[in-house]
Each structure stands twice: as C-alpha cells, then as structure tokens.
Amino acid sequence: MRSQLLDGSATGVLQTVRRLGFLQIDPISTVAPPQRLVLWSRLGPYDADELDRLLWRERKLFEWGAFIWPIEDFPLLRARMRRRRGKYKFEQQGTEFLRTNARFKRHLLRELETRGPLLSREIEADLMVSRDPHDWWGSRKVSLMLELLEGRGVVAVAGRQGKQRLWDLAERWYPEAESVPWPEARRQLEEKRWRSLGVRYEKGEWQAHPDAEDGPVPRRLTFLSPFDRLIHNRDRAEALWDYRYRLEMYVPKAKREYGYYALPILRGDRLIGRIDPVLDRKTGVLKVNSVHWEPGVDPVSLQRPLRELAKFIGAGSIET
C-alpha cells in the first residue's frame, strides 16, 4: 500500500505517476477514465486538467503504447521501441503489415511531416493494399499503421482532441535522449516496476523490495479502478489479500455477480468489498447500483469517498 501511494502520502500528479511508473489508458469511463481514477484513489479530488498540462504543454509526461509515462523514462522506453522483433506471432504479423503497406507508410509519414499533427481520420487510406477487413486487424488500418509505427518509435501521440489521438513524427515530439541498450533498459524497467509494486513473486517466494516501507497503514477509505496496479494482477491480489476480483463488463448481465464496473473498496491495508457506481452524464447523478462486502467484514459508511468521487467527476448528486 505504501509503495503504491495508497497510504495517503501522494502529494501531486507528477510525483504519483513517477512513483507508480505509468498510468494505463482506457476509453471506458463508466465513472471516470482509469488513468484519472487511479490518481483520484491516491490524491482525492484534484485538478483533472493538470494531467493534460503535464502531457501536452509541459511535456513532463508522455503517452506511449496506451500508457502514460514520466518523461525521464523515455530513454528506457526508446530502447524498448527499437528492440528486435519477431519472437511472437503478433510481432510477425505487424512486420508483415508494414512490409505489405510500405507505400502507404511512406505516404503517411509525408502527410505528418507536411501537415501534422493529424487525427487518424485526416489521413487518406487510398494507398492501402486492401481496404477489405482482415482476420487480425479488421478494417481500422490507418489506426493500426499509426500504432505499429508508434510502437517502433517512428510516430508519437502529440495531443488529443477528446478521446481522439493527434499524431506527429516522433522526432518532432520526443526529446533527445541517450541511447540505452535494451537489456539494461529492461533491467531498469523491471526494477522500477518491483519498487512501485513493493513485492514480487520470484523463485517460489514473495520478495519485498529493499526500499519498501513497513509499519501500519492509515485506515484511509477509497475506491480503486479495475485497472489499478494494486489489483491488476488478479492472482497476486488473491494470494496477498485473499481477494478474488474479476472485471465483469464482458460477462452477460444475468451472470454478473457484482456489476458491470465494480470498483474494489480499500480501507487501510485491506480490500473489504466492491462498489458498482455509474455516472449518468445526462442528469449529473452518480448512481450506486450495488455494494458488496467481503466475508467477515462489518459494513462501513461510504458517504465520504462517494462525496469526494462525485465532486471529482462533476456529479451534482448521489443516488444509492
């Protein structure tokens, strides 16, 4: 909990992202986008515009691979972008796509050079070898081309219009950086990940990071995003806290146990239940569909975190 800054010690957006290592981006925003909800769980209500400012104006953070990263980690990520590919089938398929559509790739890069930054819909796809849907990449071929080139460090996300990404040449967006060999970069990234999680399972045992802080955790009450790294590894959450969590949005409604987008409830260093809230954006009402407590847990009042969440997402009222 302390390593993940869920003890109330988080002091700001930038410091929190640096400590966590990254924020996962996802378009699902039943309550709030997960990258913002993860920050709220640690900071409480904060200025939501600060994340955009750090990304697109101050450039102290950057977006890559559907994650938000601290800019000081760019040299390590660039080594990951440039590593050799071909071990996995999806990498081989991506290489095949780029080779088959080399002419369109050159066209896309010229468009970005002369007109960028651009939305994907502003780039014509007429030079694609085939406009027909493919078994793997479907019909979203311009976006796929951009994402493959982003993964290789050729193009970059340079802004957003709502949920739509603005694309530009990587050389115009990313800062100059030292070259780090991929094996060393991977070692450093793994070390950062271990430090942010506090513990890891290796060689048949749980190992605490040397910098992990021990001691009691304040009985702070908050809700976690389904993408929160504290419970993102479902097996780890079950092993450490005996807390079985599964995201049920893809489960048929009749078969859901806890709800479409149930959020784990955290109190101090214990996961004590889950809550299924949804923001009705037309009425501005934060509705609580259900609350479930873990076996043996005495229910506690959730009014304070619900009020803080409602304030953060701009809900005018709460319906329980």
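What you are looking at is a predicted structure, and each value in this text was computed from that prediction instead of being measured.

## Examining the pattern of salt bridges
Next up, step 1: The full count for this structure, using the stated rule, is 20 salt bridges.
Next up, step 2: Of the charged contacts in the structure, one is a salt bridge between Arg53 and Glu50, with a shortest N-O distance of 4.0 Å. Of this pair, Arg53 and Glu50 both sit in helix H3 (residues 49-57), 3 residues apart, which is roughly one turn of the helix.
Next up, step 3: Look at Arg53 and you get partly exposed, because its relative accessible area is 25%.
Next up, step 4: A salt bridge links Arg53 to Glu58; the nearest nitrogen and oxygen atoms lie 3.2 Å apart.
Next up, step 5: The exposure class assigned to Glu58 is partly exposed, which follows from its relative accessible area of 37%.

## A short note on the sheet that holds strand S13 (residues 317-319)
Next up, step 1: Strand order across the open sheet formed by 5 strands is S9-S10-S11-S12-S13, with mixed pairing between neighbours. The sheet is open, and its two borders are formed by strand S9 (221-223) and S13, each paired with just one other strand. Put simply, the sheet's adjacent strands are angled 30 degrees from each other on average, direction ignored.
Next up, step 2: As judged from the 5 bridges shared by strand S10 (residues 263-267) and strand S11 (residues 270-280), these two strands associate in the antiparallel manner. The partner of Arg267 across the bridge, within S11, is Arg270.
Next up, step 3: Each of S9, S11, strand S12 (285-293) and S13 touches helix H11 (residues 303-313); the most contacted strand, S9, lies at about 45 degrees to it.

## Digging into the environment of Pro226
Next up, step 1: Looking at the element boundaries, Pro226 is found in the loop between S9 and helix H10 (234-241).
Next up, step 2: Between the C-alpha atom of Pro226 and that of Ala262, which follows or precedes it by 36 residues, the distance is 7.5 Å.
Next up, step 3: Residues within four places of Pro226 in sequence aside, it is in contact with Ile231, Arg234, Tyr245, Leu247, Tyr261, Ala262 and Leu263.

Thresholds, definitions, all that
- Residues numbered from 1 in each chain as written.
- Predicted model: local features only at pLDDT ≥ 70, side-chain atom pairs only at ≥ 80, totals over all residues.
- Heavy atoms only, no water.
- Salt bridge = Lys/Arg side-chain N within 4 Å of Asp/Glu carboxyl O.
- Helix = DSSP H or I, 4+ residues; strand = E, 2+ residues; numbered from the N terminus.
- Buried < 20%, exposed > 50% of the residue type's maximum accessible area, 1.4 Å probe, protein only.
- Pairing = 2+ DSSP bridges.
- Axes fitted to C-alpha atoms, helices over the stretch in contact; angles between N-to-C directions.
- Contact = heavy atoms within 4.5 Å.

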